[in-house]
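# Overview (structure and organization)
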Amino acid sequence: MKHAVFGLTLGLLLACSPERTAAPAPSTLPPLATATWRVHRADGQALPALVGHRLSNGVLEQIFLDSAQVAIDSAGRWQQRLWMQRFHDGVLEGSLAEQDAGAWAIDGAEYRFTSDLNGVRFTFGAITTDSLRISLRSPVFDGIALATLRQSAAPAAPVGTWHADAVAEAPMPSAIYVFDPVVLDGDTVSVHFIVDTARITLLPTGRYEHAIRYSEWIGPKSGGPTQRRFRWQWNDFGTWTRNGIQVAFESGYYQNHRMTAEFAGTGPLRVRHGLSHGDPPVGLRYVR
């Protein structure tokens, strides 16, 4: 009789234990809608963002993420695309693109994204704001980048090559300096320094390269340029930084040579500079 009572008591305890009676809690997450989410920041940086670096044969190799997106299909599929650039010792070696795809499913309190080839890639919980935070994985940068995604396009960056199309709002080619009147070889004339072309390249490494081709012309007093006398090219390089819409340039070639610019995220890059170090700065408009 004692054995029967013991068996009955043990059976009741097992039947009442949470492990046997508690049913898994149903998920409260709604299905995901079809949408494309775009990376705005990676590892806390605006794009293009440094997501990987290493020494390769004693030379610094850097990987910058230019842009990335995750396209989600409400039917349960997803696709990820990354666009990157590789630099060796500060010099662009080439562009890279990578694609991954798989299925997503609701797993308790998380959305779980699994690659067809690479297993689980990332998860996230309920979407409570207009942004997502996920872990981007890529063999290109051999690691994980914590990324913030939104459905809107990422803000444009000033990185890239810009060509001047106006000097003080006058279409190129245009005079940046005019000296009038000037006496040359006994004649009273006007002297015109004209910007023929100008190019500035801002690299994601924080470096810039600047080249200006200009010419000197003479003309009648109080008149326009009629005869070209000389042609020159001016080159510079250094570092650039951005603070809001303000961009600052510090030459690595000419001592104490600095330029300022404005970039509002859309439209042109407006740079103030002269023809060479020490010249009075004039506003030039650069476009891509």
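Heads up: these notes are all about the structure in this document. Sequence order sets the numbering: in each chain, residues are counted from 1 along the sequence as written. Given that this is a predicted model, residues contribute local features only at a pLDDT of at least 70 and side-chain atom pairs are listed and counted only at 80 or more, while totals for whole chains, interfaces and linings are drawn from all residues. Remark: hydrogens and water are excluded; side-chain values derive from all non-hydrogen atoms of the structure.

A separate point is the overall build of the protein. By the criteria applied, helices consist of DSSP H or I runs no shorter than four residues and strands consist of E runs no shorter than two, each listed in order from the N terminus. Of regular secondary structure, the protein possesses two helices and 20 strands. A compact globule built from 288 residues should have a C-alpha radius of gyration of about 19 Å, whereas the protein, at 31 Å, is more than 25% larger. Counting only C-alpha atoms, the protein reaches 135 × 40 × 30 Å along its principal axes. Each of the 288 residues in the protein was classed as buried or not, and the buried ones make up 35%. Summarising the internal contacts of the protein: among those between residues at least 6 apart in sequence, 46% fall at separations of at least 24. Surface exposure here means Shrake-Rupley accessible area, sampled with a 1.4 Å probe, where a residue is shielded only by the protein chains that are shown. Split by element, the accessible area of the protein, about 16,500 Å² in all, is 54% carbon and sulfur. Counting rule for charge: Lys and Arg are taken as positive, Asp and Glu as negative, and neither His nor the chain ends is counted. A charged residue contributes its charge at one atom only: NZ of Lys, CZ of Arg, CG of Asp or CD of Glu. The distance from the centre of the 26 positive side-chain charges to the centre of the 26 negative ones in the protein is 5 Å. As defined in this context, the radius of gyration uses C-alpha atoms, and a globule is described by 2.2 Å times the residue total to the power 0.38. Each residue's exposure class comes from its accessible area (1.4 Å probe, protein chains only) as a fraction of the maximum for that residue type: buried when under 20%, exposed when over 50%, partly exposed otherwise. When checking whether two residues touch, look at their non-hydrogen atoms; a contact exists if any pair is within 4.5 Å.

Two strands are counted as paired when DSSP detects at least two bridges linking them. Sheet topology places strand β14 (residues 187-202) next to strand β15 (residues 207-220); 13 bridges connect them, and they run antiparallel. Pairing of H192 across the sheet is with W217, part of β15. Linking β14 to β15, which pair antiparallel, is a turn of four residues; within it G206 sits at a positive phi near 90 degrees. For β15 and strand β16 (residues 227-243), the ladder comprises 12 bridges, and the chain directions are antiparallel. Counterpart to R213 in the pairing with β16 is Q233. Between the antiparallel neighbours β15 and β16 lie six residues, among them S222 with a positive phi of about 60 degrees.

Here we take up the pattern of salt bridges. By definition here, a salt bridge exists when the distance from a side-chain nitrogen of Lys or Arg to a carboxyl oxygen of Asp or Glu is within 4 Å. Throughout the structure, instances matching the rule amount to 13 salt bridges. Put simply, R54, E61, R86 and E93 are held in one network by salt bridges that share partners.

This paragraph deals with the side chain of E61. Turning to its location among the elements, E61 is positioned in strand β4 (residues 59-73). Once residues within four sequence positions are removed from consideration, E61 is found in contact with G52, H53, R54, S56, R86, F87 and H88.

Inspection of the secondary structure assignment puts A145 in strand β10 (residues 143-150). Linking A145 and G52, residues 93 residues apart in sequence, is a C-alpha distance of 8.8 Å. Sequence-distant contacts of A145, defined by excluding residues within four places in its chain, comprise D43, V51, I134, S135 and L136.

Here the focus is the pairing of strand β19 (residues 269-273). The alternating pattern of β19 places L269, V271 and H273 on a buried face and R270 and R272 on a face that is not buried. As paired strands, strand β18 (residues 258-262) and β19 are joined by three bridges and run antiparallel to one another. The residue bridging T260 from the neighbouring strand is R272, located in β19. The turn joining β18 and β19, which pair antiparallel and follow one another in sequence, is formed by six residues; a positive phi near 100 degrees is taken by G265.

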